[in-house]
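Observations on the model geometry
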Amino acid sequence: MLASGLRMLIVRRDDHPDREVAPELAGLARRPGLLTSGEKTERDEFTRHEKRAMVRAAWQSAHAARKRLDEGRALADQGCHPDAGSWTSVPDLLWGIAHGGITLDDVRHRVPPLREWPHELREFAAGGDKVLIAATARIQLLRRLFACLYPHTFDLHAFRVLLMDATGYTSEEVTGFGEKQVEFLPKGVRLTLVKKRAGLLRHRAFRDLPASRKKPDEQQAEEGRLTVNWPRREASEVVRQLLDFTAQARGRAAHVTDTLFVSAAVRPDYTVVFGPWHPTCDLSFKAWLDGVGVEVQGDPHIGRLRKSVKVEKAIVTEGRVSDAADDHTEEAFIGHYAQGTTLQILSGRTIATAQQHWFDQALDHVDGPTVLSDGQDVDQGQLQATGLSTQEAEGIMTGQLDMGVSHCKNPYQGPFSRPGELCTVAPLRCLECRNAWILPSNLPQLLLFKRHLERLRSVLAPPAFARLWGQSWVNLGAVLDDRTPEELAHARKHIEAGEAVLDLPLAANTEFDA
């Protein structure tokens, strides 16, 4: 940062018309800097097993938290003012806090010492710890009372996980919208998401899954066959539960309107604060993972969950960056999300599959002609026995399909031209074509074509010749090697007598001049 600020001062001084800066120094300041703003390591996404366990634990935690608040409020309805009831009665204390009949100082001064507490009050205040200390018993009791009526930090971690999983957006965005930014649709919800770091405000609609795509257990739960609140990956369901879960706390914090994540915290000085949720200050994400019993490898950072969702989106969109990067730029996706292990494995598989595809295409493309080299005249029956149709065999026998150095069974379906178009590379590429059929009568033209290639080989550079004619040269050598010396000598006599002619396009004689 200091280096960047210094360079900016030099550039601004150089831009001033009344200031002089040495050209070398100005050029140094304007060139790209060699110092970065520090080292960083991109976090990998959570594995699918870790993410699945995390989402399931979040649903269980959210269900347990809602059940705790329902039971606490039902218990408060059974109580009365502690002056009329008892200052050691849990229902009476809950009634007083829920209805504002007592303050925290009242509990601090009017609840008797720990040694006078009944067994029920001791168990309630201890919770799962089963340990009470006289010096902190009252503050621990107050925190338990408020936890029965209002959400706390631990509970809201679960809703953040569920919203990030359902929407795919960042922690900052899913915890940064208030009640006015929520609009329920007939089959979904529309949210106004704010990303302060990038200065973005976006309106996004999240549709519910159709009934056919829900799990059988989900459908049974909706039909009343099950009483378990099975996890549903729907943003509208999570938002509804969050609105209901934090309604009481948000009613006590009217000044907080930009978030649904509102919690109650009892401070050591016996004051209660209803305010926005601060997970990094109150209770970390790692502490929540430990509390719900989810083990993860690597850094327990909530940003890794966002990457897991982005990886799933990239898989669903079959690796299309433009679709996966729907809430940021493609450069951001490539720089921050495409480095995950899962995407690297998928990319490797994609590259290997593509390579194999083109390798197979190449092998299929240059498998070469079919050669009949029995040294005898070929009749139509022999051609049909090799797989040609009657029409194709008749065209070869009558010379209608003679392309110069070979015969072609279908010049309108060549691998070098579009289907339905007449081949435009014959006879120069016939030795690389799978439609070519070489008969013994083509031997004189093959020898003439070999002379043509030898002349090109002496003129062209070896890399250029290998690129343009390497495959034809190899295939031609293989065809001629199968011929007997008597057949080659007989073919040369036809050439010397002028009975064999090789017609080549003009470009075949001029390309080496380029």
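Look a little higher up for the structure.
We now turn to the structure provided with this report. (Residues numbered from 1 in each chain as written. Predicted model: local features only at pLDDT ≥ 70, side-chain atom pairs only at ≥ 80, totals over all residues. Heavy atoms only, no water.)

A tally of regular secondary structure across the chain gives 24 helices and eight strands. In the chain, buried positions account for 40% of the 514 residues. The long-range share in the chain, meaning contacts at least 24 apart out of those at least 6 apart in sequence, stands at 60%. Put simply, the chain shows about 29,400 Å² of open surface, and 52% of that area lies on carbon and sulfur atoms. (Helix = DSSP H or I, 4+ residues; strand = E, 2+ residues; numbered from the N terminus. Buried < 20%, exposed > 50% of the residue type's maximum accessible area, 1.4 Å probe, protein only. Contact = heavy atoms within 4.5 Å. Areas by Shrake-Rupley, 256 points an atom, 1.4 Å probe, with all protein chains shown as cover.)

A few words now on the sheet that holds strand S1 (residues 182-185). Read across the sheet, three strands follow the order S1-S2-S3 without closing on themselves; strand pairing throughout is antiparallel. In this open sheet, the two edge strands, each paired with only one partner strand, are S1 and strand S3 (200-207). Looking at each pair of strands side by side, their axes are set apart by 20° on average, direction ignored. Against the sheet, helix H11 (residues 235-245) makes contact with S1, strand S2 (188-195) and S3, and its axis sits at roughly 130° relative to S1, the strand it touches most. (Pairing = 2+ DSSP bridges. Axes fitted to C-alpha atoms, helices over the stretch in contact; angles between N-to-C directions.)

For the rest of this paragraph, the subject is the nonpolar core. Formed by 41 residues in total, the largest nonpolar core has its most connected members in Met54, Val161, Leu163, Phe177, Leu191, Phe285 and Trp288. Looking at this core, the elements that each hand over two or more residues are helix H3 (48-77), helix H8 (153-167), S2, H11 and helix H14 (285-292). Residue contacts for leucine 163: discarding those within four places in its chain leaves Gly168, Val174, Phe177, Val238, Val239, Leu242 and Phe261. Of all hydrophobic cores here, the second largest spans 32 residues; its members include Leu104, Leu114, Leu121 and Ile139. (Core = buried A, V, L, I, M, F, W, Y, C linked by side-chain atoms within 4.5 Å.)

Another aspect to go through is the sheet that holds strand S8 (residues 436-438). Taken in spatial order, the three strands make up an open sheet running S6-S8-S7, and their pairing is mixed. Edge strands, defined here as strands with exactly one partner in the open sheet, are strand S6 (370-371) and strand S7 (407-408). With two bridges connecting them, S7 and S8 associate as antiparallel partners. Looking at S8, one finds that histidine 407 is bridged to tryptophan 437.

On to empty space enclosed by the protein. The tally for this structure, following the rule as stated, stands at two cavities of 30 Å³ or more. Approximately 90 Å³ is the volume attributed to the largest cavity. Every residue lining the largest cavity is counted, 13 residues in all, and those nearest its centre are Cys408, Cys423, Ala426, Cys430 and Cys433. Residue classes in the lining of the largest cavity are distributed as nine nonpolar, three polar and one charged. (1 Å grid on protein atoms, 1.4 Å probe; cavity = no way out; pocket = protein on both sides within 12 Å on 5 of 7 lines; lining within 4 Å. Points joined across faces, edges and corners; volume = space filled by probe spheres on them. Nonpolar A, V, L, I, M, F, W, Y, C, P; charged D, E, K, R; others polar.)

What follows concerns the side chain of arginine 306. The residue arginine 306 is located in helix H15 (residues 303-316) in this model. Using a relative accessible area of 3% as the deciding quantity, one classes arginine 306 as buried. For arginine 306, the side chain forms a polar contact with the main-chain oxygen of glycine 168, separated by 2.4 Å. (Polar contact = N/O pair within 3.5 Å; in protein donor to acceptor, adjacent residues only side chain to side chain.)

What follows is about H11. Buried residues dominate H11, accounting for nine of its 11 residues. For H11, the full list of buried residues reads Ala235, Ser236, Glu237, Val238, Val239, Gln241, Leu242, Leu243 and Phe245.

On to unusual backbone geometry. The linkage connecting alanine 426 with the following residue, proline 427, adopts the cis geometry, with an omega of 0°. In this model, tyrosine 270 sits at a positive phi of 65°, which is unusual for a non-glycine residue. In this structure, tyrosine 270 sits in the loop between strand S4 (262-266) and strand S5 (272-276).

Right, let's talk about the environment of leucine 242 for a bit. As for its position among the elements, leucine 242 is in helix H11. Setting aside chain neighbours within four positions, we find leucine 242 in contact with Leu156, Phe159, Leu163, Leu260 and Phe261.

Taken as a whole and assessed by the stated rule, the structure comprises eight aromatic pairs. Taking the centre distance of 5.9 Å and the plane angle of 15° together, the rings of phenylalanine 285 and tryptophan 288 count as stacked. Linking phenylalanine 285 with tryptophan 288, this pair stays in helix H14, spanning three residues, or about one helical turn. Three or more aromatic residues link up through ring pairs in this structure, and these residues are Phe146, Tyr150 and Phe274. Lying over the aromatic face of phenylalanine 124, arginine 144 brings its terminal NZ or CZ to 4.9 Å of the ring centre. (Phe/Tyr/Trp six-rings, centres within 6.5 Å; stacked < 30°, edge-to-face > 60°. Lys NZ or Arg CZ within 6 Å of the ring centre and 35° of its normal.)

Attention now moves to the pattern of salt bridges. This structure, assessed with the given rule, holds 10 salt bridges. The shortest N-O distance in the salt bridge between arginine 190 and glutamate 183 comes to 3.5 Å. Residue classification places glutamate 183 among the partly exposed positions, given a relative accessible area of 40%. The partner of lysine 286 in a salt bridge is aspartate 290, with the nearest N and O atoms 3.1 Å apart. (Salt bridge = Lys/Arg side-chain N within 4 Å of Asp/Glu carboxyl O.)

Turning to the packing of H3 against H14, a few remarks are in order. One way to put it is that H3 packs onto H14 with a least axis distance of 10 Å and a crossing angle of 80°. Here H3 lies roughly perpendicular to H14, going by the angle between them. Taken together, the residues of H14 that come into contact with H3 (itself represented by Met54, Ala57, Ala58 and Ser61) are Phe285, Trp288, Leu289 and Val292. In terms of residue class, the contact of H3 with H14 is built from seven nonpolar, one polar and no charged. (Parallel < 35°, antiparallel > 145°, perpendicular 65-115°, else oblique.)

Here the focus is the packing of H3 against H11. The interhelical angle for the contact between H3 and H11, taken along N-to-C directions, is 30°, at an axis separation of 11 Å. With respect to each other, H3 and H11 are oriented roughly parallel. Once H3 is placed against H11, the crossing between them reads as left-handed. In this structure, H3 uses Trp59, Ala65, Arg66, Leu69 and Arg73 to contact H11, whose residues at the interface are Glu237, Val238, Gln241 and Phe245. A breakdown of the residues in the contact of H3 with H11 according to their chemical character gives five nonpolar, one polar and three charged. (Left-handed = near helix turned anticlockwise from the far one by under 90°.)

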